[in-house]
Amino acid sequence: MKNLQFKPLNFLYLVIAYVVLGTVLFGPSPMLVPAAAALAFVTGTLVSIMPFKSVLNAIQVEIWQNHIEEELFKDNTFLRFSHNADANVINSKVVHIPQSAGSGNVVKNRSTVPASVRKRNDTDVIYLLDEFTTDPVYIPHADTKELSYDKRASALGEDRDKLVEVVAEETIYNWLNSGAHGTYAASSFPAANILATTGADVANGATAPNATGARKAFSINDLQRAQTYFRQNKRWFNDKMYAMLPPDMLAQAFPADSQVTATYMQNVTEEERRMGVILKAQGWKILSRSTVTSVTAANAVNPVGAAGAATDDNCALFWYSEAVEFAFGGVEAFENIGDPQYYGDIYSFLVRSGGRARRADYNGIMLMKQAKTA
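This is a predicted model, so every value here is computed, not measured. (Residues numbered from 1 in each chain as written. Predicted model: local features only at pLDDT ≥ 70, side-chain atom pairs only at ≥ 80, totals over all residues. Heavy atoms only, no water.)

Chemist: Would you take a moment to explain the confidence of the model for the protein chain for this structure?
Modeler: Parts of the model with low pLDDT should not have their predicted coordinates read in detail. Of the residues in the protein chain, 74% reach a pLDDT of 70 or more, and the chain-wide mean stands at 82. Note on residues 45-59: pLDDT is under 50 here. Beyond four places in sequence and across chains, it has 22 contacts. (pLDDT = per-residue confidence, 0-100. Contact = heavy atoms within 4.5 Å.)

See below:
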């Protein structure tokens, strides 16, 4: 039988590992260190029997899973400004959204009784969670011993960033497009929900991928037009209205050297700033990200990664927070330590998430596209 000795180094490693895990799961606490020490002492015999490496790596998997989820919402805070549908996920795959058939009539001074009884025939909208997976990355054994930097942390960090970016971009597309599922037909974003900018002409102002030519700038007047659109459609709710602008539109409407811009920025609370809101104007909480979405000349929303055409137009997204939803199905981290065929370690990640407009008619969502000049 293996000699069961108390090994100070292994004991220290275990204490550190348990403290890190406890911080991730329960938050910082002065009781973590003594609790971790006690747990490490009790499990010391077990650790001396089984390889310590497998214990530490299992803890690292848990940390990476939590880290990916944190980064997803930290770098894409707009996901928080939507209806949370996590509790509505069925079998980790499907989400149903009930669709009201509408209210009945209201009669003033009703004179005829009994009144007619109506039955409300509700329908629903359904969508599936998507599964996003990274390509497995291989870290040769030599790289873990000979390099001056942690190649594993570098490679997994890049995969994490790419995964977070793709999930966010696909969520935006899902808010504007619904795929077919079973008896549910696909639906596209209606052209009536797309307005065009009215600012000054900008030479070479097209900023959608591969788009060319002049476009009209985005202006504060366009913000007011967007507000009017939502009020007319009875989808304006104070303090729940959001706009996400691509960088060029943000700079056009809110130049850095403008005192008006400074005033709008001062309207933002510290809490809102931490959530990604840059400024507030015309009732909108305004965010920005490097890419939002774009449409074709026929007002069709381009899928994520589409090559784009010269006639495409870049867009800003406007929405009421309860008009869209996001469902998060969790993160999985996979590892194969010491693979005998590859003589090294292999890692990959998986995220399940989905989202869509909460109304079949996309009410409560609008796009503002770059208008082409005359």
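Chemist: Mind showing me how you'd approach the pattern of salt bridges here?
Modeler: Two side chains with opposite charge may pair up if their charged atoms get near one another. Considering all chains together, one arrives at twelve salt bridges under this definition. We note a salt bridge from Arg 160 to Asp 161, for which the minimum N-O separation is 2.8 Å. Residue Asp 161 is classed as partly exposed on the basis of its relative accessible area of 40%. We note a salt bridge from Lys 285 to Glu 272, for which the minimum N-O separation is 3.4 Å. (Salt bridge = Lys/Arg side-chain N within 4 Å of Asp/Glu carboxyl O. Buried < 20%, exposed > 50% of the residue type's maximum accessible area, 1.4 Å probe, protein only.)

Chemist: Looking at this structure, I do not really get unusual backbone geometry. What am I missing?
Modeler: Glycine aside, negative phi is the norm for most residues, and most peptide bonds take the trans geometry. Each neighbour pair has its own omega, and for Val 113 with Pro 114 the value is 0 degrees, a cis peptide bond. Examined against the element boundaries, Pro 114 turns out to sit in the loop between strand 3 (94-99) and strand 4 (123-128). Even without a glycine there, the phi angle at Asn 204 is positive, about 55 degrees. Here Asn 204 shows up in the loop between strand 10 (201-202) and strand 11 (215-216). Non-glycine residue Asn 210 carries a positive phi angle of around 70 degrees. Locating Asn 210 in the fold gives a position in the loop between strand 10 and strand 11. For Asn 210, a relative accessible area of 53% puts it in the exposed group. (Helix = DSSP H or I, 4+ residues; strand = E, 2+ residues; numbered from the N terminus.)

Chemist: Explain helix 7 (residues 220-232) here, please?
Modeler: An α-helix turns once every 3.6 residues. As a result, residues three or four positions apart point the same way. For helix 7, built from 13 residues, the straight-helix expectation of 18 Å at 1.5 Å per residue is met to within 8% by its first-to-last C-alpha distance of 19 Å. Where helix 7 is buried, its residues contact strand 9 (194-196), strand 12 (241-245), strand 13 (279-281), strand 14 (284-288), strand 16 (313-320) and strand 19 (365-369). Phi for Lys 234, located one or two positions after helix 7, is positive at around 55 degrees. (Expected span 1.5 Å × (residues − 1).)

Chemist: I'm lost on the nonpolar core in this one. Help?
Modeler: Considering soluble globular proteins, one finds that nonpolar side chains tend to be buried as a cluster. Within the largest apolar cluster, 65 residues are counted, with the highest numbers of intra-cluster contacts made by Phe 254, Trp 284, Ile 286, Leu 317, Phe 318 and Trp 319. If you tally residues by element for this core, the top one is helix 6 (residues 151-176), at nine residues. The residues touching Phe 254, leaving out its near neighbours within four places in the chain, are Ile 220, Leu 223, Leu 245, Thr 261, Tyr 264, Leu 279, Ala 281 and Ile 286. Judged by nonpolar contacts, the second largest core, of five residues, contains Ala 85, Val 95, Tyr 127 and Ala 327. (Core = buried A, V, L, I, M, F, W, Y, C linked by side-chain atoms within 4.5 Å.)

Chemist: Help me understand the packing of aromatic side chains, please; the structure alone is not making it clear to me.
Modeler: The description of an aromatic ring pair rests on the distance of the ring centres and on the angle between the ring planes. Under the counting rule described, the total for this entry stands at 13 aromatic pairs. Ring geometry for Tyr 242 and Trp 319: centres 5.7 Å apart, planes at 25 degrees, overall stacked. Within this pair, whereas Tyr 242 is found in strand 12, its partner Trp 319 is found in strand 16, the two being separated by 77 residues in sequence. Classification of Trp 319 by relative accessible area gives buried; the value is 0%. Among the aromatic side chains, those forming a connected cluster through ring pairs are Phe 218, Tyr 229, Phe 230, Trp 236, Trp 284 and Phe 318. The residue whose ring lies beneath Arg 356 is Tyr 362, and the NZ or CZ to ring-centre distance is 5.6 Å. (Phe/Tyr/Trp six-rings, centres within 6.5 Å; stacked < 30°, edge-to-face > 60°. Lys NZ or Arg CZ within 6 Å of the ring centre and 35° of its normal.)

Chemist: Quick question: what am I supposed to make of the environment of Leu 250 here?
Modeler: Its location among the elements puts Leu 250 in helix 8 (residues 247-253). Separated by 31 residues in sequence, Leu 250 and Ser 219 place their C-alpha atoms 8.8 Å apart. Discounting chain neighbours no more than four positions away, the residues touching Leu 250 are Leu 245, Ile 278, Ile 286 and Ser 288.

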